[in-house]
Protein chains: 2
Amino acid sequence: MPGGHQWRHRFRENACRWTMPREVILDVLSRASRHMSAKEIYASLYAACPGTGLTTVYRTLELLQRLGFVRKFDAGDGQSRYELRGEGTQDHHHHLICTRCGKIIDFRDFIEEELELVKKTEDALAKKHNFQILDHNIEFLGLCDKCR
Amino acid sequence: MPGGHQWRHRFRENACRWTMPREVILDVLSRASRHMSAKEIYASLYAACPGTGLTTVYRTLELLQRLGFVRKFDAGDGQSRYELRGEGTQDHHHHLICTRCGKIIDFRDFIEEELELVKKTEDALAKKHNFQILDHNIEFLGLCDKCR
DNA sequence: TTGTTATTGATAATCATTTTCATTTATAAT
DNA sequence: ATTATAAATGAAAATGATTATCAATAACAA
Ligand SMILES: [Mn+2]
Ligand SMILES: [Mn+2]
Ligand SMILES: [Zn+2]
Ligand SMILES: [Zn+2]
């Protein structure tokens, strides 16, 4: 349990101030269900920090993304979703998305094989297209048990 | 070259009428550069079918997607992009996206290994979560040669 | 404690996409 | 070929997520 202090330190390192809205947003992200939209985060903010604006939520999420603490992704409905990036490789995962109801499931199956193939592909692509590859996403789309 | 007639037939099969806007939009999609946004398609429509509304472009794209003729995807900027789905497996590919300038590159490297891993993962996920998996996306994010 | 400057919140602005609804048109039936 | 019907279209307005503005506030270094 890294506690909340680590965040403060990591903010300082990046010349960012440690404020109440940021602390609360990080808290929401770390405890609540994953894959939250900005509006959902905004909604669950009221108890701990009423008066926080939706604008601040968006700005904080963008900052967290820029610092690499948060991953932003698109699940097909019109809004972006956000999740904390855990440390090392044990948090590495991808998404299984129901295209009808929007349900999102994390999966970590075959991560070994996946990383191996991803590495090979990254190397090939970086060389062939002179790209600096920084990240990747893998997602499976389909119908969940309730929607099929 | 399947020509334009096949489309007409495939529309009929699905109880959809064959109209000028639909023909022209399919033509644009098949000849022009891939990964076009609705607005881009709308813009390149004027010559062949002036007066076509942007609304019709959106409606047609949604139909094409529903019929499985078109793949809709998100490249990180605020708008959806569309590309024709080719027939068999020789068209199967994924995307390498520059997060700064938005450049998109198709790649088909290691499709063999990819399909193998994807199959394994699909089976495992379908069983474990009782999902009916219909599609998948793999994307690499990074900086292109000009942006790095 | 004070000064500087990042951060915030209310509000308005953007911008992609969707809805509405009256008009047109593809197509099947006559 | 004409006609009837429902699907398709287009103009305009509505929606909804995200971003820009700007004056007020608060973090934090000195
Ligand atoms: Mn996740
Ligand atoms: Mn492509
Ligand atoms: Zn579902
Ligand atoms: Zn680039």
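A. Structural detail: the protein's contact with DNA strand C. Neighbouring DNA strand C are 21 residues; Thr19, Arg22, Thr56 and Arg59 of chain A together with Tyr58 of chain B lie closest to it. Counting only the atoms of DNA strand C that lie within 4 Å of the protein, the sugar and phosphate share comes to 66%. With respect to DNA strand C, the side chain of Thr55 of chain A contributes an N or O atom lying 3.4 Å from a base oxygen. One of the side-chain N or O atoms of Thr56 of chain A is found 2.6 Å from a phosphate oxygen in DNA strand C. Per-class residue counts for the surface near DNA strand C are four nonpolar, ten polar and seven charged.

B. Geometry of the coordination of the manganese ion (ligand 1). All names here are of chain A. The protein atoms donating to the manganese ion (ligand 1) are His35 (NE2), Glu83 (OE), His93 (NE2), His95 (NE2) and Asp106 (OD), with metal-donor distances spanning 2.1 to 2.4 Å. Along the chain, the residues that donate to the manganese ion (ligand 1) are spaced as H-x47-E-x9-H-x1-H-x10-D. Taken as a pair, His35 in the loop between α2 (20-31) and β1 (36-37) and His93 in the loop between β3 (80-84) and β4 (94-98) lie far apart in primary sequence, 58 residues in all. You can call His35 buried: its relative accessible area is 9%.

C. How the structure looks around the packing of helix α2 (residues 20-31) of chain B against helix α4 (residues 54-66) of chain B. Residues and elements named next belong to chain B. Where α2 contacts α4, the axes come no closer than 10 Å and their chain directions differ by 75°. Judged by the angle between their axes, α2 and α4 are roughly perpendicular. Judged by residue contacts, Pro21, Arg22, Ile25, Leu26 and Leu29 of α2 engage Thr56, Val57, Thr60, Leu61, Leu63 and Leu64 from α4. The class makeup of the residues in the contact of α2 with α4 is eight nonpolar, two polar and one charged.

Calculation criteria
Residues numbered from 1 in each chain as written. Chains lettered and ligands numbered in written order. Predicted model: local features only at pLDDT ≥ 70, side-chain atom pairs only at ≥ 80, totals over all residues. Heavy atoms only, no water. Near = heavy atom within 4 Å. Polar contact = N/O pair within 3.5 Å; in protein donor to acceptor, adjacent residues only side chain to side chain. Nonpolar A, V, L, I, M, F, W, Y, C, P; charged D, E, K, R; others polar. Donors = N, O, S within 2.8 Å, 3.2 Å for Na, K, Ca; no water. Helix = DSSP H or I, 4+ residues; strand = E, 2+ residues; numbered from the N terminus. Buried < 20%, exposed > 50% of the residue type's maximum accessible area, 1.4 Å probe, protein only. Axes fitted to C-alpha atoms, helices over the stretch in contact; angles between N-to-C directions. Parallel < 35°, antiparallel > 145°, perpendicular 65-115°, else oblique. Contact = heavy atoms within 4.5 Å.

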